[in-house]
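Structure at a glance
So the chains spell out like this:
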Amino acid sequence: MNEIWAGIQAAFRLIVTLDPDLVQITLRSLQVSLSALVIASAIALPLGTWLAIRRFRFRRLTIATLNALMGLPPVVVGLIVYLLLSRSGPFGVLGLLFTPTAMIIAQVIIITPLIASITHQAMRELWAEYHDLLISLNTTKRQRIWTLIRDGRRTLLTAALAGFGRAIGEVGAIMIVGGNIDNATRVLTTAIALETGKGDFTLALGLGFVLIALALLVNFAIHALSRTEREGRW
Amino acid sequence: MIRILTAILILIGVQVRAETLRLAVTTSFHNSGLSDVLLPAIQRDTGIEVQLLVVGTGQAIRLGEAGDVDAVLVHSRKAEEAFVEGGFGTHRREIMYNDFVFVGPSLDPADIANAGDAVTALKRIAQTKAPFVSRGDDSGTHKKELSLWAAAELAPEQSGRWYNAVGAGMGASLNTASGLEAYIMADRASWLNFGNKQDLELLFSGDPALFNQYAFIPVNSARHAHVKSDAVMRLETWLTSPVARELINGYKIAGEPLFTFNATP
């Protein structure tokens, strides 16, 4: 119990003094996870919506696969991305291993199925509601997807935030493909793993609380920007 | 368009600013805190920014074989020699050594504090079936521990539940040992720097069999053309220089020197 209290104090101290290392790894955490979120959303939101309105032969199988991939183990993703990006792997010439780009790639793979799956679930219901209207207006497929995405934006926001949550708290994959290099690829989660390894639980917990605070802050910021959950409108 | 071009130029500018070099090192080297002393000095003297990949010796060797790092600094002689013989590394250069210690609960149920040598200590632990934590991750420390068990003619993996191979780094294994009040073999540096000692104490050390030699191996640029052999060579020269000797021999935790520089110029 004392250690948790000491951790809270450490977090407070780190934030108040704006510890330069902390600022750096926090910004890198944000940079990696937000980039991954933007890319994954750009893939997953249209994909999930498309799956909701389109009927095709392997639809069930595709959706089942997508749902199963939500539980993709990050360590395995990390290992596969590592082998692909390694100098001896097929994309080795790009020299991407142990860079933030590699970490973004791994996180995109991890969170895309999650966002697509939640999107699909939400869009299916919305589509049931809009189906007759959109068909009778003789809309094109593109227009239908766009309408659904626009009118379902609050649920989609939830999907995106779930994806962000998974990305920012993830450690297994980025440890392998990023390498936890000081001043280059160290982020909050890998720094926590490192400090735990050194037995410095106070600093590890302090960083942990910073991570939690950051996740809260990003959620609030996105809600504020998109004007959801406000009085009088929901 | 101009904005995009500027962004690209800034990115490129950032990349060429510092000469970087990737070095795979073992967790025990990094946990000792010596790297925090050496890296800034290296950057100051040679202009090279060394990026450390902190992994076990097994993984460090793999990274070197794949060409994902420019050099490795590890401590497992057999693996190192195989690495060089396989053509993955150019040569093996000894830099410094530290030593391993046996750590355990302060009550010392197996009485290893009075064991004459490391092998006797392990035999006593096996006899009393006192809990023992092993790294179990194919690291240099793990390999060393296995070679000592072999010297004691014991096969603890098969002999029951007192032997816990946790498959983790030095710090994580020490955490497990302090939770289980178990015996563990650790390198002295990691032990002194470890923050969660609880009831554990250093019980046995000093047997020459426990000495731990670190060696530097540049990755072979004939096999991986992108390796920065020029920077690696400058780093090797620095690591074997009198400046490095001062820093390595002078590095102390709680008044105890940890490493002994033994590179031949």
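Only a predicted model underlies this, so the values are computations on that prediction, with no experimental measurement involved. (Residues numbered from 1 in each chain as written. Chains lettered and ligands numbered in written order. Predicted model: local features only at pLDDT ≥ 70, side-chain atom pairs only at ≥ 80, totals over all residues.)

1. What to know about the environment of Gln24(A)
- Checked against the element boundaries, Gln24(A) lands in helix α2 (residues 20-53).
- Taking the C-alpha atoms as reference points, Gln24(A) and Gly197(A), 173 residues apart in sequence, are found 21 Å from one another. (Helix = DSSP H or I, 4+ residues; strand = E, 2+ residues; numbered from the N terminus.)

2. Describing the domain arrangement of chain B
Residues and elements named next belong to chain B.
- The assigned domain composition of chain B is domain 1 (2-97 + 211-261) and domain 2 (100-210).
- Here the C-alpha centroids of domain 1 and domain 2 sit 28 Å apart.
- Between domain 1 and domain 2, the residue contacts involve 18 residues of the former and 19 residues of the latter.
- Among the elements of the structure, α2 (27-31), α4 (57-66) and β9 (211-218) are those that each provide at least two residues to the side of domain 1 that touches domain 2.
- It is α2 that contributes the most residues to the side of domain 1 that touches domain 2, three residues altogether.
- Residue composition of the side of domain 1 that touches domain 2, grouped by class: five nonpolar, 12 polar and one charged. (Domains from an automatic or database assignment. Contact = placed C-beta atoms within 7 Å. Nonpolar A, V, L, I, M, F, W, Y, C, P; charged D, E, K, R; others polar.)

3. Things to note about the interface of chain A and chain B
- On the side of chain B, 20 residues touch chain A, which itself brings 16 residues to the contact.
- When grouped by side-chain class, the residues that make up the side of chain A that touches chain B number five nonpolar, seven polar and four charged.

4. Concerning unusual backbone geometry
- One non-glycine residue, Leu18(A), lies in the positive phi region at around 50°.
- Mapped onto the elements of the fold, Leu18(A) is located in the loop between α1 (2-16) and α2.
- Overall, Leu18(A) belongs to the exposed group, with 8 C-beta atoms counted inside 10 Å.
- With a phi close to 50°, Asp108(B) is a non-glycine residue in the positive phi region.
- Relative to the elements of secondary structure, Asp108(B) occurs in the loop between β4 (93-105) and α6 (118-128).
- Overall, Asp108(B) belongs to the partly exposed group, with 17 C-beta atoms counted inside 10 Å. (Buried ≥ 20, exposed ≤ 12 C-beta atoms within 10 Å, placed from the backbone.)

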